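# Examining the three-dimensional arrangement
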Amino acid sequence: MDQSETPGTARGRSRPPSQADVAALAGVSSQTVSRVANNRSNVEPETRERVLSAMRVLGYQRNSAARALTLGRFHVLGVVTFDVAAHGNARTLAAISRAAQRAGYSLNVVCVEDRTEEAVQQAVRQLTEQAVDGLIVIEAQILDRPGLDLHSGVPVVVADGDPERRFPSVDTDQAAGATAATRHLLDLGHRTVWHVGGPQDSYAARRRAAAWHATLKAAGAPVPPLRYGDWTAASGYEIGLELAARPEVTAVFAANDQQALGLVRALHEAGRRVPQDVSVVGFDDLPEAAYLLPPLTTIRQDFEEVGRQCVAQLLAQIDRASDTPAAERTVTVIPDLVVRASTAPAPEGSAGR
């Protein structure tokens, strides 16, 4: 070696440090460096620390492709989502990313815009061609064909969107949340509860609407006509203008906090006070929900737990640690009712309307 050459250089040209460079600096064999790089257990603690120290000194980075060939794993998870701008999906994706990072995995994400099975299959093909160890599908929308039929060739977990239970899933108990919201308003003495639903092609929105309807029926309360929004504050505002014009409306459960925000503004503009004239409950517990005027009563979803469970379920499959049928591998995360100042007892004289 030329005297001007040092590990990581060759004839004055920079190159990444190799396993041989690390071995030379640590005074061990290249095989020992490989064992440490691949986290094998058959290395003495003192030797392992010497190798790790050499890696840090040289700035050695493991070759991911070579490691994948050795271990049969890429340490990359694929994620398919249908609306990354939607608050719930964005929070779930962020939680999955954190859980994956803690487990030593990175993410490749594809957002599907077309509500078709072919679009989903194309997203799956795109991710599997990029070499992923498994897939997470966030809130599968209702497509042009019933059910969610994926031919991925890798393990799959679905977050909040596989009613046929073809795949292991992590499911926020949408029905429990909607039931708690509706029951809270009925317990305050409101004769019935109106509902601003989410989009009809969302499994989560449909489950919330179905639970709202069932809770009213079980209580013997009238079931008002369902209004469908699109998760945005603008749609909540438009529906809110209509509801504000109806004096019999004293309680509204919105399918998410953003729609509730638009609803509250419409009520305010129409001179309907919240909660003195109309009580409002949302769903999700946005970080801003506690700072609205009035602070919003809502259903809090534990997105962090959903992300953690999605990654845990997927890694269990990748490690072949679970032989339980998919239908039985469903983790249910229970949301909580958070009572704030946007709900109050029914106005006097409203019970007989």
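First, a word on what this report is: a plain description of the structure on this page. Numbering of residues starts from 1 in every chain and runs along the sequence as written. Residues qualify for local features only when their pLDDT is at least 70, as the model is predicted, and side-chain atom pairs are given and counted only at 80 or more; totals for whole chains, interfaces and linings, by contrast, use all residues. Hydrogens and waters are ignored; side-chain quantities use all the structure's heavy atoms.

A few words now on the packing of helix H1 (residues 19-26) against helix H3 (residues 45-58). Fitting a line to C-alpha atoms yields each axis, with helices limited to the stretch in contact; the angle taken between N-to-C directions then spans 0 to 180 degrees. Only DSSP runs of H or I covering at least 4 residues are called helices, and only runs of E covering at least 2 are called strands; the numbering of each starts at the N terminus. Across the interface, H1 lies against H3 with an axial gap of 9 Å and an inter-helix angle of 120 degrees. Taken together, the axes of H1 and H3 lie oblique to each other. Two packed elements cross with a definite hand, and for H1 against H3 that hand is right-handed. Here Asp21, Val22, Leu25 and Ala26 of H1 come into contact with H3, specifically with Arg50, Val51, Ala54, Met55, Val57 and Leu58. Angle categories are assigned with fixed cut-offs, so that under 35 degrees is roughly parallel, over 145 is roughly antiparallel, 65 to 115 is roughly perpendicular, and the rest are oblique. Left-handed describes a crossing whose near helix is turned anticlockwise from the far helix by less than a right angle; the clockwise case is right-handed. Note on contacts: a residue pair qualifies if any of its non-hydrogen atoms lie within 4.5 Å across the two residues.

Moving on to the packing of aromatic side chains. Any pair of Phe, Tyr and Trp rings, taking the six-membered ring for Trp, is counted once the centres come within 6.5 Å. Such a pair is stacked with planes under 30 degrees apart, edge-to-face with planes over 60 apart, and tilted for the rest. Considering all chains together, one arrives at one aromatic pair under this definition. Ring centres of phenylalanine 253 and phenylalanine 283 lie 6.4 Å apart, and the angle between their planes is 40 degrees; on these two criteria the pair is classed as tilted. Residue phenylalanine 253 is located in strand S10 (residues 251-254), and its partner phenylalanine 283 is located in the loop between strand S11 (279-281) and strand S12 (298-300); the two are separated by 30 residues in the primary sequence. Here phenylalanine 253 matches phenylalanine 283 in class, with each residue buried. Only when the NZ atom of a Lys or the CZ atom of an Arg is both within 6 Å of the ring centre and within 35 degrees of the ring normal do we say a charge sits over the ring. Above the plane of the ring of phenylalanine 283 lies arginine 208, whose end atom (NZ or CZ) is 3.9 Å from the centre. Relative accessibility thresholds used throughout: buried, under 20% of the residue-type maximum; exposed, over 50%; partly exposed, between the two (1.4 Å probe, protein chains only).

A sheet is described by the order of its strands in space; here six strands give the open sequence S4-S3-S5-S6-S7-S13, paired in parallel fashion. A single partner strand is all that each edge strand has here, and the edge strands are strand S4 (106-111) and strand S13 (330-333). Here the average twist between neighbouring strands, direction ignored, is 20 degrees. In this sheet, strand S5 (residues 134-138) lies alongside strand S3 (residues 76-81) in parallel orientation, the contact comprising five bridges. Directly across from glycine 78, in S5, lies its bridge partner leucine 135. Strands are treated as partners if at least two bridges between them are detected by DSSP.

Right, let's talk about helix H11 (residues 303-318) for a bit. When the terminal C-alpha atoms of H11 are compared, their 23 Å separation across 16 residues agrees well with the 22 Å that a helix rising 1.5 Å per residue should span. Within the sequence span of H11, burial applies to Phe303, Val306, Gly307, Gln309, Cys310, Val311, Gln313, Leu314, Leu315, Gln317 and Ile318. Packing partners of the buried residues in H11 comprise S3, helix H5 (87-102), S5, strand S6 (156-159), strand S7 (169-172) and S13. Just downstream of H11 lies arginine 320, where phi reads positive at about 55 degrees. Expected helix span is taken as 1.5 Å per residue step, with the number of steps being one fewer than the number of residues.

Turning next to the side chain of histidine 190. Examined against the element boundaries, histidine 190 turns out to sit in the loop between helix H7 (174-187) and strand S8 (194-197). In this structure histidine 190 comes out as buried when scored by relative accessible area, which is 3%.

Turning next to empty space enclosed by the protein. Within this scheme a cavity is a closed region of a 1 Å grid, computed over the protein atoms alone, that accommodates a 1.4 Å probe without allowing it to escape, whereas a pocket is open but has protein on both sides within 12 Å along at least five of seven lines; lining residues each have an atom within 4 Å of a point. Grid points are joined across faces, edges and corners, and a volume is the space filled by probe spheres set on the points. Under the defined criterion, the tally for this structure stands at two cavities of 30 Å³ or more. One number sums up the size of the largest cavity: a volume of about 200 Å³. Residue assignment for the lining of the largest cavity shows that the elements contributing at least two residues are H5 and helix H8 (203-219). Considering each element in turn, the lining of the largest cavity owes the most residues, four residues, to H5. When residues are sorted by character, Ala, Val, Leu, Ile, Met, Phe, Trp, Tyr, Cys and Pro go into the nonpolar class, Asp, Glu, Lys and Arg into the charged class, and all the rest, Gly among them, into the polar class. Looking at side-chain class alone, the lining of the largest cavity contains six nonpolar, eight polar and four charged residues.

Moving on, we get to the packing of helix H2 (residues 30-37) against H3. Viewed as axis vectors pointing N to C, H2 and H3 meet at an angle of 85 degrees, and their least axial separation amounts to 10 Å. Compared by their axis directions, H2 and H3 come out roughly perpendicular. Each of Thr32, Val33, Val36 and Ala37 in H2 lies in contact with H3, whose residues at this interface are Thr47, Arg48, Val51, Leu52 and Met55. Counted by class, the contact of H2 with H3 contains six nonpolar, two polar and one charged residues.

This is a description of form; function is not addressed.
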